[in-house]
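Observations on the model geometry
These are the residues of each chain, in order.
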There are 2 protein chains.
Amino acid sequence: MITLKVKLSKREYPIIVGDGAFDEALKTFSQLVSQKRSVFCIADSAVLKAHTEKAKKLSSVAKIISVKGGEASKSIKKFAELCSILAQEHADRKSAIVAWGGGVIGDLTGFVSASYMRGADFYQIPTTLLSMVDSSVGGKTGINIAEGKNLVGAFHQPKAVFTDMSFLKTLPKRQFSAGMAEVIKCAVLGDSRFFKKLASQKEKMSYNSPMLADAIVKACSLKAKVVADDERETASQGGRALLNLGHTFGHAIEHCAGYGKYLHGEAVAIGMVMVAVLSRRMGLIGDSEISEIVDMLKFADLPTSLRTPISADDFIDAMLRDKKSVSGQLRFVVIDSIGKTHTENVDKKIVKKAIADFQKM
Amino acid sequence: MITLKVKLSKREYPIIVGDGAFDEALKTFSQLVSQKRSVFCIADSAVLKAHTEKAKKLSSVAKIISVKGGEASKSIKKFAELCSILAQEHADRKSAIVAWGGGVIGDLTGFVSASYMRGADFYQIPTTLLSMVDSSVGGKTGINIAEGKNLVGAFHQPKAVFTDMSFLKTLPKRQFSAGMAEVIKCAVLGDSRFFKKLASQKEKMSYNSPMLADAIVKACSLKAKVVADDERETASQGGRALLNLGHTFGHAIEHCAGYGKYLHGEAVAIGMVMVAVLSRRMGLIGDSEISEIVDMLKFADLPTSLRTPISADDFIDAMLRDKKSVSGQLRFVVIDSIGKTHTENVDKKIVKKAIADFQKM
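Fair warning: this is a prediction, and the values are worked out from it, not measured in the lab.

Rules of the game
Residue positions are given per chain, counted from 1 along the sequence in the order it is written. Numbering of ligands from 1 and lettering of chains from A proceed in the order in which they are written. Per-residue local features are limited, in this predicted model, to residues with pLDDT of at least 70; the limit for side-chain atom pairs, both in listing and counting, is 80 or more; totals at the level of whole chains, interfaces and linings are taken over all residues. Side-chain descriptors were evaluated using all non-hydrogen atoms of the structure, hydrogens and water having been removed beforehand. Convention adopted: a line fitted to C-alpha atoms gives each axis, helices being fitted over their contacting stretch, and angles between N-to-C directions are expressed from 0 to 180 degrees. By definition, any uninterrupted DSSP run of H or I lasting at least four residues is a helix, any uninterrupted run of E lasting at least two residues is a strand, and each is numbered from the N terminus. In these notes the angle categories are as follows: under 35 degrees is roughly parallel, over 145 is roughly antiparallel, 65 to 115 is roughly perpendicular, and the rest is oblique. The handedness criterion is simple: a crossing whose near helix is rotated anticlockwise from the far helix by less than a right angle is left-handed, and one whose near helix is rotated clockwise is right-handed. It only takes one pair of heavy atoms within 4.5 Å for two residues to be counted as in contact. The nonpolar class holds Ala, Val, Leu, Ile, Met, Phe, Trp, Tyr, Cys and Pro. Asp, Glu, Lys and Arg form the charged class, and all remaining residues, Gly among them, are polar. Buried area is understood as the total, over both parts, of accessible area removed when two parts are fitted together, assessed with a 1.4 Å probe. Contacts described as polar in this section are N or O atom pairs within 3.5 Å, which, within protein, must combine one atom able to donate a hydrogen with one able to accept it, while residues neighboring in sequence count only if both atoms come from side chains. For every residue, the accessible area (1.4 Å probe, protein chains only) is compared with the maximum for its type, and the residue is labelled buried under 20%, exposed over 50%, or partly exposed between those bounds. The directions considered for the arc run from the helix axis to the C-beta atoms.

**Here's the deal with the packing of helix α7 (residues 173-190) of chain B against helix α9 (residues 212-228) of chain B**
Residues and elements named next belong to chain B.
- Contact geometry for α7 and α9: axes closest at 10 Å, N-to-C directions at 55°. Judged on the interaxial angle alone, α9 and α7 are oblique. Considering how the two elements wind past one another, α7 and α9 form a crossing that is left-handed. Mapping the contact onto sequence places Phe176, Val183, Cys186 and Leu189 in α7 and Leu212, Ala215, Ala219 and Leu222 in α9.
- The residue inventory of the contact of α7 with α9, partitioned by class, reads eight nonpolar, no polar and no charged.

What follows is the structure in structure tokens.
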């Protein structure tokens with residue numbers, strides 16, 4: 001097992017990566033129970049079904065609350081329901097709240113643990129590749145409202161993350177690919193050597209690739225480094241916002257197509273292609289960089305174009321509503337070269353032209 | 001005008017107390033607008049009606065959103081509705097969110113500003129005595145759920161508080177008294193000289209008492225001192241929890257009687273009498289201290305007994321659900337002497353006996 005320490009301004013927390021990470025979680029929760037602290041685990045119902053043995057073990061130290069996976073659960077209604085259940089079960093300020101599932105469960109549970117009694121300790125057991133590389137670093141939690149994704153939430157850092165790759169055995173192939181989108185994103189935004197290493201792989205990455213643990217740790221540590229410098233995304237240039245590479249377009253795709261049509265990672269993959277096209281339109285990169293990125297996404301079985309077109313106006317409107325938009329400006333992470341990116345406000349006209357370029361590809 | 005600086009771990013913010021404080025607020029918001037930041041003000045509809053001139057001035061620098069006052073507005077439904085309105089109005093991360101009203105508007109708006117896009121800048125213009133002395137220090141925000149009061153919320157400190165006492169002219173007498181409960185609480189919990197000064201007043205306190213501004217500043221600075229040492233209420237002994245004097249019983253009263261039956265300050269007044277009786281039962285104080293506290297509360301036109309009895313079992317059950325209860329223990333701020341208090345877990349049997357003593361008074 002590998003332990004990565006994520007440094008925050010006031011403390012640090014471990015991400016424990018390896019096949020025995022779930023057992024480490026059990027040990028940690030047992031210790032909490034022995035300190036007379038109660039543990040509540042909000043778990044994806046599909047995960048509970050697929051891992052009955054693990055669920056049984058966990059239920060001896062934690063009260064398990066089953067939640068249906070899928071973006072629809074990231075709602076205010078579900079948030080309210082979980083807070084009520086915790087109160088009915090007499091969860092108190094010293095209780096620990098655990099997310100066991102993918103990004104949806106993590107984001108939802110994170111916001112519950114941030115808000116229940118104004119904040120309880122939060123632990124994560126991610127079960128998808130996406131949540132292992134994305135949600136376990138950064139402390140972003142949130143739910144969706146009709147007006148947009150993650151518009152309501154909190155910064156709430158976990159006490160520890162237990163990344164057990166054995167969960168990936170039962171992960172559908174499409175979900176695995178969606179996770180690879182975030183791994184590739186990390187390489188594109190800040191590590192050209194990592195990008196080359198990924199590009200040199202002959203075999204497609206899978207749950208038993210020898211390179212997987214390293215790729216997870218690499219992606220997490222790259223993200224951790226960016227987050228450490230800018231924990232609450234307040235830097236005016238670069239900083240944490242760089243992690244949004246592909247996300248400005250990606251969120252708009254999810255919003256316009258309707259949440260659930262594309263997996264988050266799929267939307268980010270298409271968003272990365274779009275922002276690469278935008279960067280070309282701005283004269284930053286050429287055709288070859290676009291090909292390299294598109295080829296790598298395709299090799300990971302990720303989409304690089306929209307299934308159903310979205311008009312430029314719909315894109316612009318959705319992006320203006322996005323949290324990343326400030327004072328009516330469209331802000332993007334643009335690509336200077338593979339492994340080097342920066343944030344920039346881009347004129348609407350140029351964005352529209354880039355959307356047209358992309359639609360023609 | 002008096003400016004009190006409240007020190008937090010990383011920054012400080014001003015509480016500006018005086019008749020011109022509203023104009024100071026207007027100046028501050030104008031500056032934000034000139035920096036291309038949008039300002040949203042969530043205001044009590046009754047305040048808007050009573051202060052049309054001020055509302056007109058404010059509307060030139062801020063988008064005003066009217067909310068009905070009263071505990072019923074501290075709901076998840078209203079929280080969700082406000083987040084949606086902000087999104088529809090294109091509020092962004094740099095927007096400032098202002099609460100203009102009493103404690104309900106402050107708590108609700110505070111949680112909205114803590115959660116909207118994971119946190120926006122928060123300003124307060126309290127209009128009731130209670131919110132001036134209680135909600136403007138401490139950063140506690142929250143909403144109610146069926147299971148209890150303030151069970152969902154966040155710690156979110158304001159950027160500035162503008163305490164304009166001219167709002168108190170139109171405050172109903174009953175509400176003024178409710179605010180006095182928190183002023184008296186501050187004296188009982190940590191300042192015997194302040195208690196004596198209050199006790200020596202011949203005239204009842206009102207919006208134009210010469211002592212009022214000082215009393216507000218005194219109560220706020222006492223609270224600020226306690227909060228500075230324990231911003232997130234993590235101290236195991238004393239610390240911020242001392243501010244809950246009278247609140248363990250008080251919250252239970254509000255919960256059992258149904259929110260709205262008693263004003264918060266009224267419930268705290270009765271709660272203080274109950275905890276004084278509990279402290280006597282524990283051998284900490286005698287009859288004379290109880291009389292002094294009861295007399296002062298009565299002089300401020302506050303209730304010191306329940307209108308409709310609540311059974312000891314209902315009290316215990318409600319208190320176990322309270323945020324202050326940890327691991328099934330009942331925890332109280334008990335009174336050693338007027339001006340000196342400490343936190344202690346108290347056995348259920350003793351609590352039941354004290355409730356019986358109180359019911360017999």
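That covers the picture; the talk isn't over yet.
**Let's talk about the interface of chain A and chain B**
- At the junction of the two partners, chain A supplies 39 residues and chain B supplies 39 residues.
- Summed over both partners, the interface of chain A with chain B comes to about 3400 Å²; 57% of that surface belongs to carbon and sulfur atoms.
- Here chain A is connected to chain B by 10 residue pairs in polar contact (both at pLDDT 80 or more).
- Secondary structure elements with two or more residues in the side of chain A that touches chain B: α4 (76-88), α5 (103-115), β7 (140-145), β8 (148-155) and α13 (312-321) of chain A.
- Here the element with the most residues in the side of chain A that touches chain B is α4(A); it accounts for seven residues.
- Looking at side-chain class alone, the side of chain A that touches chain B contains 16 nonpolar, 10 polar and 13 charged residues.

**Points about the side chain of Thr248(A)**
- Tracing the sequence through the fold places Thr248(A) in helix α10 (residues 247-257).
- At 3.3 Å, the side chain of Thr248(A) and the backbone oxygen of Arg331(A) are in polar contact.

**Points about unusual backbone geometry**
Residues and elements named next belong to chain B.
- Here Lys36, not a glycine, exhibits a phi torsion of approximately 60°, which is positive.
- Residue placement: Lys36 occurs in the loop between α1 (21-34) and β3 (39-44).
- For Met117, which is not glycine, the phi torsion reads 50° and is therefore positive.
- Tracing the backbone through its elements, the reader meets Met117 in the loop between α5 (103-115) and β6 (121-126).

**Looking at helix α8 (residues 192-199) of chain B**
Residue and element names in this part refer to chain B.
- For α8, the full list of buried residues reads Phe194, Phe195 and Leu198. Looking down the long axis of α8, one finds its buried residues gathered within 105° of arc, a one-sided arrangement. Facing away from the buried surface of α8 by more than 90 degrees, the exposed residues are Arg193 and Lys196.
- On the buried face of α8, the contacting elements are α7, α9 and α12 (287-299).

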